[in-house]
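Summary of the model geometry
Each chain is listed here by its residues.
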Amino acid sequence: MNRHRICPWVLPAAIAALSLQSASAQQQPTTTPNFKLQTSNSQQTTSHEPRATAAQAATSASGIELAALDRAANACADFYQFTCGGWAASHPLPADRPRYGRFDELQERNNQILREIIERAAAKSADPDARKIGDYYASCMDEAAIDSKGVTPLKEDFDRIAAAARPSDLAPIVAALHLKGARMFFGFGSTPDLKNSSSVIAGLAQGGLGLPDRDYYLKEDANSLKLRDQYVQHVARMLVLAGDTEARAIAGAQGVMRIETALAKSALDLVSRRQPAKVYHKMTVAELAAITPVFDWPAYFRGVNVPPIDSLNVSEPEFMKSVNEVMTASPLDDLKAYMRWHVLELNAELLPKEFRDENFAFTQALTGAKEQRPRWKRCVDSTNGDLGEIVGKTYVAETFGAEGKERTLRMVQAIERALNRDIQQITWMSDETKKQAAVKLKAVANKIGYPDKWRDYSALRIVRGDAVGNSVRANAFELQRQLAKIGKPVDKTEWLMTPPTVNAYYNPQENNINFPAGILQPPFFNKAADDAVNFGAAGAVVGHELTHGFDDQGRQFDAAGNLRDWWTPADGKAFEERATCVANQYGGYSPLEGVKLNGRLTLGENVADNGGLRLGWMALMDAVAGKPLASSDGFTPEQRFFIGWGQMWCENKSDQFARMLANVDPHSPGRFRVNGVVSNFPEFQKAFGCQAGAPMVNDPACRVW
Ligand SMILES: [Zn+2]
C-alpha cells in the first residue's frame, strides 16, 4: 500500500501497514512531491447504480478474460505469459505511465468517476464539504493563475530560511516546513507504541532524501552514478527557476547532494526497517536531546504544535546522530539550499509551468514515463489525497452497495475458516504455538469498503485560487490530526486508505484487514464470475492480507497488535527455515538483465501471496464440496482458479521503473507474483499437467502456510 497521505513523516513507525501493492508503483516515484498525487481510483459514467465495468463486459461465462490469455504459451513453462500474454500485448504502456497493470486499469476507471464527482462539486457549491473538494480541484486545475503567481507563494518560506544565522536557528524553521509537508532531515508524527498498541506516542523516523532510497546515494554502478548526476542538475535547475544565480544554484545542488549522501550513509536499509526490533527505540526527550545537541527540540515541538510529550520512539537513533552532525558541520549555505530545495520539491506541481516541466523531466529519468499525466488526473489524485473521505463518501454512495459489503464479508469469513484449518493441519508447528495463532486469527477485525464514521474536515480552510495554500494547509491539517492522537488510545476504526483506492492492507499494530471499496471490482472481485475464478482472485487477495498477520514481520505481533514473541523457539526456527526457502526462491528471479529481486525485502509479500492463494484454494474446495463445478470456457474449475490469480497481475512497465521497484518495492513484479506462487503449488501442476523439471515446478517447493 503505499499509499497516499501516509508519508513517512506522518507515520514514522517503520512498521507501515502491509498493502497488496505499492502505492508508489501506481503513478509517481516516491521522490517527487507528487507523493500527494498518489492515491487514486476507478470507473466510468454517471448513473447512481453500481456500474458495470469494462472488465466485466470483456469477460467470459466463467469470469476469465479469454482475450488476456496467450494460448500459444506453455502454461507449465511460463504461466504468467499464458494468463497475461494477450493482455500485455493489447495494453501497451501508455505514454504517461511508467507502469500499467490491472490495478492501474481499474484505478483509471475509478478516476473517471472521481472526476465527475469533483467536477460536479466544483460547479455547484451549496454543501460546504462539496465546496471544499470543488474549490481544491478548481485551484489545482487553474494553471493560468498558478503561472501568474510565479514563486510568490513560497516567499514566506524562503525568507524564513534566509534569516537563519546559525545551526541552532534551524529547529523552528524545520518545524514550520514540516508542518507544511516538506521532507527534510527526518519525519515526525504519531504512532501506536509497538509494545503497547493501545497507546499512541510521538515518533521520529529517518527521512529527508530526495531520491527514492538510501541505496541511490551509495551504489557505484553506472545507472546509479548517472541518476545522481541527473539529480544534482535537476536540483540546480529548480533553484535557478526559483531565482538563484547559476553559480549559486550549482553550489547549492552540490551541497544538497553532500547533505543527503551523509544522511543516506547512516540511514537503515529497507530490509532492516522491516524488522520491528530494529526500529523500536523509545527514549525520553532528554535522551533525544543528548544525541542531537544542536537541535532546539522545545522550539521544534512548539513549532509543530505537538501536545506535551516527555518520551517518543526514535526509529533510527544513529540516523538522528548524523542529522546532528550534518547540521553542525555543513556550511550554512548548504543547509539553506537543502531546505529551499525541499520546499520546491514539495510544491513543484503547483508552481509555474517551468517548474512542472522540470519536475517531470526528472520523473522521466527516474521512471521512464514518456509523457506527463493529464492535469486533471493529477488534480483528482491530489484532491483525493488531501480530502479523500469527502470524495470517498460520494464515491461509495454511487458505486458500492450494501450487497458488495455483504458478499465480501462472506468471502472473508470463508478465508478465515480456511486459515484456521490450515494452522491446525500444518505439521511444523507445535500445539502451543498453534493455540496462540488461532487466538490471533480470531482477533483479526475485518474492515470492508469504507469507514463507519467519516473524517471531519471543517477545520481545514480551502480557498479557491490558492493552490499552494490549500495543499500546505491540508498537510498541516493532517499532521495536526496525527499529533492530536498522542496520549490517546489507538482508533482502530480509522482507515489508512481512502475508499476509492485500488489496494488493500493488513495493519499489524491493529490486527485488522482493510479492503477499500475501490478494489472490490473486477478483475479482483467479480460478481459475474464463478466461484473458481473469484476464489483465485478475490479469495487470494483476502488470503494475502490475512497471511500478513503471519508473515515474517506480522508474526512478531500478537493478537492485540503488540510486538511480542508468542512463538516457541523451535516453531520460530521452523518458520524461519521455511521463509528462507521463499527468500532464496524469489531472490533468484531477475526482472531485467543485471537486476535481481531482493528476496529479503520482498519476503513478507511473497509469503502473503503464497499463503493467500493456498487459502483461496482451500476455501474454494470447501465451497464446492459435494457440488463440483463443471468445465467452462474450455477450462476445468481448477485451471480457472489459477487463471483468476494470474490475471490480476498482468502489467507492462518501463525498464527504469522496473529497476526502481526492484530497489524499493517490497512487492515482487507481476510475473513473479504469478509464477513464484504457482510453481510452489502441486495442485497447479496437476491442473495443467506439468511434469517434473518444468519451469513451473519448483523442487523442492517452498511452503510456509
Ligand atoms: Zn501485501
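Not measured: the values here are computed from a predicted model.

**Side note on the sheet that holds strand β7 (residues 445–449)**
Spatial strand order, β1-β8-β9-β7: four strands in an open sheet with mixed pairing. Bordering the open sheet on either side are β1 (18–19) and β7, each of which pairs with just one other strand. Examined bridge by bridge, β1 and strand β8 (residues 505–507) share two bridges and lie antiparallel to one another. Considered in β8, the bridge of Ser 19 is made with Tyr 505.

**Here's the deal with unusual backbone geometry**
Here the bond from Pro 522 into Pro 523 is cis, since omega is 5°, no more than 30 degrees from zero. Secondary-structure assignment places Pro 523 in the loop between β9 (512–516) and α22 (531–548). In this model, Asp 699 is joined to Pro 700 through a cis peptide bond whose omega is -5°. Looking at the secondary structure, you find Pro 700 in the segment after α28 (682–688). Located in the positive-phi region is Asn 305, a residue other than glycine, with phi close to 60°. Inspection of the secondary structure puts Asn 305 in the loop between α13 (297–304) and β6 (311–314). Here Asp 633, not a glycine, exhibits a phi torsion of approximately 55°, which is positive. Residue position: Asp 633 is located in the loop between α24 (603–624) and α25 (637–646).

**Comments concerning the nonpolar core**
Where a protein is soluble and globular, its nonpolar side chains tend to be buried together. Counting 162 residues, the largest nonpolar core has Ile 118, Ile 133, Tyr 137 and Ile 415 as its most contacted members. Mapped onto the domain boundaries, this core takes at least three residues apiece from domain 1 (18–112 + 387–688) and domain 2 (153–350). Sequence-distant contacts of Ile 415, defined by excluding residues within four places in its chain, comprise Gly 539, Val 542, Gly 543, Leu 546, Leu 615 and Ala 619. Grouped together as the second largest cluster of nonpolar side chains are 23 residues, Trp 567, Ala 579, Ala 583 and Leu 597 included.

**Brief notes about the packing of helix α19 (residues 402–425) against α22**
As a packed pair, α19 and α22 sit with axes 9 Å apart at the nearest point and diverge in direction by 55°. Classified by the angle between their axes, α19 and α22 sit oblique to one another. For the pair α19 and α22, the crossing hand works out as right-handed. Of α22, the residues touching α19 (which contributes Met 411, Val 412, Ile 415, Glu 416 and Leu 419) are Ala 538, Gly 539, Val 542, Gly 543 and Leu 546. Of the residues that constitute the contact of α19 with α22, the class distribution is seven nonpolar, two polar and one charged.

**Let's talk about the confidence of the model for the protein chain**
Should pLDDT be low for a region, the predicted coordinates there are not to be read in detail. The pLDDT averaged across the protein chain works out to 92; a share of 92% of its residues lies at or above 70. Note on residues 1–14: pLDDT under 50 across the span, and 59 contacts to partners over four residues away in sequence or across chains. Counting contacts from residues 24–57, a segment whose pLDDT is below 50, to residues more than four positions away or on other chains yields 115 contacts.

**Let's talk about helix α14 (residues 317–329)**
The end-to-end C-alpha distance of α14, which contains 13 residues, comes to 18 Å, matching closely the 18 Å that a straight helix rising 1.5 Å per residue would cover. Of the positions making up α14, those classed as buried are Phe 319, Met 320, Val 323, Val 326 and Met 327. Down the axis, α14 shows its buried residues gathered within 115° of arc, on one side only.

**Structural notes on the sheet that holds strand β5 (residues 282–284)**
Across the sheet, four strands lie side by side as β3-β4-β6-β5; this open sheet has mixed pairing. Only two strands of the sheet have a single partner each, and these edge strands are β3 (186–193) and β5. The average angle at which neighbouring strand axes cross in this sheet is 40°, direction not considered. Examined bridge by bridge, strand β4 (residues 196–206) and β6 share three bridges and lie parallel to one another. Within β6, the residue paired with Ala 202 across the bridge is Leu 312.

**Describing the domain arrangement of the protein chain**
Its domain assignment divides the protein chain into domain 1 (18–112 + 387–688) and domain 2 (153–350). The interface of domain 1 with domain 2 comprises 39 residues on the first partner and 38 residues on the second. Breaking the side of domain 1 that touches domain 2 down by element, the ones donating at least two residues are α21 (467–483) and α26 (655–664). Broken down by element, the residue count for the side of domain 1 that touches domain 2 peaks at 11 residues, all from α21. In terms of residue class, the side of domain 1 that touches domain 2 is made up of 17 nonpolar, 18 polar and four charged.

**Side note on the packing of helix α10 (residues 246–266) against α14**
Two numbers describe how α10 lies on α14: the axes approach to 8 Å, and their chain directions differ by 155°. With respect to α14, the axis of α10 lies roughly antiparallel. Crossing handedness for the pair α10 and α14: right-handed. For the pair formed by α10 and α14, the contact residues are Ile 259, Ala 262, Leu 263 and Ser 266 on the first element and Glu 318, Phe 319, Ser 322, Val 323 and Val 326 on the second. For the contact of α10 with α14, a count of residues per class yields six nonpolar, two polar and one charged.

**So, the environment of Arg 166**
With respect to the helices, strands and loops of the structure, Arg 166 is situated in the loop between α6 (155–162) and α7 (170–180). As for Arg 166 and Ile 250, which are separated by 84 residues in sequence, their C-alpha atoms are 22 Å apart.

**A few points about the pairing of β3**
Where burial is concerned, most of β3 is hidden: eight out of the eight residues are buried. The sheet contact formed by β3 and β4 spans eight bridges and is antiparallel. For Phe 188, the partnering residue across the bridge sits in β4 and is Leu 204. Linking two consecutive strands that pair antiparallel, namely β3 and β4, is a turn of two residues.

Reading the values: the criteria
Residues numbered from 1 in each chain as written. Predicted model: local features only at pLDDT ≥ 70, side-chain atom pairs only at ≥ 80, totals over all residues. Pairing = 2+ DSSP bridges. Helix = DSSP H or I, 4+ residues; strand = E, 2+ residues; numbered from the N terminus. Core = buried A, V, L, I, M, F, W, Y, C linked by C-beta atoms within 7 Å. Buried ≥ 20, exposed ≤ 12 C-beta atoms within 10 Å, placed from the backbone. Domains from an automatic or database assignment. Contact = placed C-beta atoms within 7 Å. Axes fitted to C-alpha atoms, helices over the stretch in contact; angles between N-to-C directions. Parallel < 35°, antiparallel > 145°, perpendicular 65-115°, else oblique. Left-handed = near helix turned anticlockwise from the far one by under 90°. Nonpolar A, V, L, I, M, F, W, Y, C, P; charged D, E, K, R; others polar. pLDDT = per-residue confidence, 0-100. Expected span 1.5 Å × (residues − 1). Arc of directions from axis to C-beta.

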